Amino acid sequence: MKGDEAGKRRRDPRALSRSVIDETNESREPSAATVAAWAQFVRIGQSILAMVEADLKRQGFPPLAHYDALLELRRAGPKGLRPNELQHEMLLAQYSISRLVERLVHAGYVGRGAAEGDGRGQILRITPAGRTCLKSMWPVYADAIQRHFGARLDIKDAERFAAILTKLQQSC
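Values in this document were obtained by computation on a predicted structure and should not be read as measured data.

## Comments concerning the overall build of the protein chain
Looking only at helices and strands, one finds eight helices and two strands in the protein chain. Going from the N terminus to the C terminus, the protein chain shows its helices and strands as α-α-α-α-α-α-β-β-α-α. Within the protein chain, the proportion of its 172 residues that are buried is 28%. Sequence-distant contacts in the protein chain: of pairs separated by 6 or more residues, those separated by 24 or more amount to 52%. In the structure as shown, the protein chain presents an accessible area of about 12,500 Å², 56% of it carried by carbon and sulfur atoms.

## What to know about helix H3 (residues 32-58)
Along an α-helix, a turn takes 3.6 residues, which lines up residues three or four apart on a common side. Between its first and last C-alpha atoms H3 spans 39 Å; for 27 residues at 1.5 Å apiece the expected length is 39 Å, and the two agree. Those residues of H3 lying buried are Ile-48, Val-52, Asp-55 and Leu-56. Buried-residue contacts for H3 involve helix H4 (64-76) and helix H7 (128-148). Positioned one or two residues after H3, Gly-60 has a phi angle of 85°, which is positive.

## A short note on the nonpolar core
Side chains of a nonpolar character, in soluble globular proteins, are inclined to be buried together. Grouped together as the largest cluster of nonpolar side chains are 29 residues, with contacts concentrated most on Leu-70 and Leu-86. Sorting the residues of this core by element identifies H3, H4, helix H6 (97-106), strand E2 (118-126) and H7 as the ones contributing at least two each. With eight residues, the single largest contributor to this core is H4. When residues no more than four places from it in sequence are discounted, the contact partners of Leu-86 are Ala-69, Glu-72, Leu-73, Leu-81, Ile-97, Val-101 and Leu-124.

## Section: H6
By the burial criterion, the buried members of H6 are Ile-97, Leu-100, Val-101 and Leu-104. Down the axis, H6 shows its buried residues gathered within 100° of arc, on one side only. More than 90 degrees from the buried face of H6, the exposed residues found are Arg-99 and His-106.

## A few points about the environment of Cys-133
Following the sequence through the fold, Cys-133 ends up in helix H7. Taking relative accessible area as the criterion, Cys-133 reaches 7% and is therefore assigned buried. Once the C-alpha coordinates of Cys-133 and His-66 are considered, the two residues, 67 residues apart in sequence, prove to be 9.2 Å apart. Not counting residues within four places of it along the chain, the set of residues in contact with Cys-133 comprises Pro-62, Leu-70 and Tyr-109.

## Some words on the layout of surface pockets
Of the voids in this model, the largest pocket is the one considered here, and its volume is about 1,500 Å³. Those elements that place two or more of their residues in the lining of the largest pocket are H3, H4, H7 and helix H8 (155-169). The element best represented in the lining of the largest pocket is H3, accounting for twelve residues. Of the residues contributing to the lining of the largest pocket, the split by class is 24 nonpolar, six polar and six charged.

Basis of the calculations
- Note on numbering: residues in each chain are counted from 1, in written sequence order.
- Side-chain atom pairs in this predicted model are given and counted only at pLDDT of 80 or more, local residue features only at pLDDT of at least 70, and totals for whole chains, interfaces and linings cover all residues.
- Computation of side-chain values: all heavy atoms of the structure, hydrogens and water removed.
- Working definition: helices are DSSP H or I runs of at least four residues, strands are E runs of at least two. Numbering for both runs from the N terminus.
- Each residue is placed in one exposure class: buried if its accessible area under a 1.4 Å probe, protein chains only, is under 20% of its type's maximum, exposed if it is over 50%, and partly exposed if it falls in between.
- Here, two residues are considered to be in contact whenever any of their heavy atoms come within 4.5 Å of each other.
- Values of accessible area rely on a 1.4 Å probe in the Shrake-Rupley scheme; residue burial ignores everything except the protein chains shown.
- Expected span of a helix: the number of residues minus one, times 1.5 Å.
- What is meant by a nonpolar core is a set of buried Ala, Val, Leu, Ile, Met, Phe, Trp, Tyr and Cys residues, joined one to another through side-chain atoms within 4.5 Å.
- The reported arc concerns the directions from the helix axis to the C-beta atoms and nothing else.
- Only protein atoms enter the 1 Å grid used here, on which a cavity is any set of points holding a 1.4 Å probe that cannot leave and a pocket is any open set flanked by protein within 12 Å on both sides along at least five of seven lines; residues with an atom within 4 Å of a point are listed as lining.
- Grid points are joined across faces, edges and corners, and a volume is the space filled by probe spheres set on the points.
- Basically, the charged four are Asp, Glu, Lys and Arg, the nonpolar ten are Ala, Val, Leu, Ile, Met, Phe, Trp, Tyr, Cys and Pro, and anything else, Gly included, counts as polar.

Okay, structure coming up:
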């Protein structure tokens, strides 16, 4: 019987992962508190982002991804960014950077130029219209951050939350 059980463990990938985890002395599963915190973090983050997006839309502004991209292009200065660099710098996940860039170029917020020494590469730069859009969006965005997030935390809570997020970011 013992040999038969050992054979089953070798064929069962879950048993193998458990034995590897046991050997490294790591916990097999997150605690109930960790799972609950994770679920709340994801749900609340999505909910707050949706409320911020709704506030921007109500005021006639483009989506938050536009603001995020324009902010990073402004920060890059005259040197601009390649599309993959922009995607890396953005706060919000952007899975279709090419579509976002097309929308920003079409709106006149971003200009495209050839990358020096790379005939196929392109550099993106914020235009004056993009700077104006960014500046116009900020008061609505700032108000939304405060109403949907900041107003629910006192300064000590915000500092503790930022410290926890910094701790989590170190593993990324």
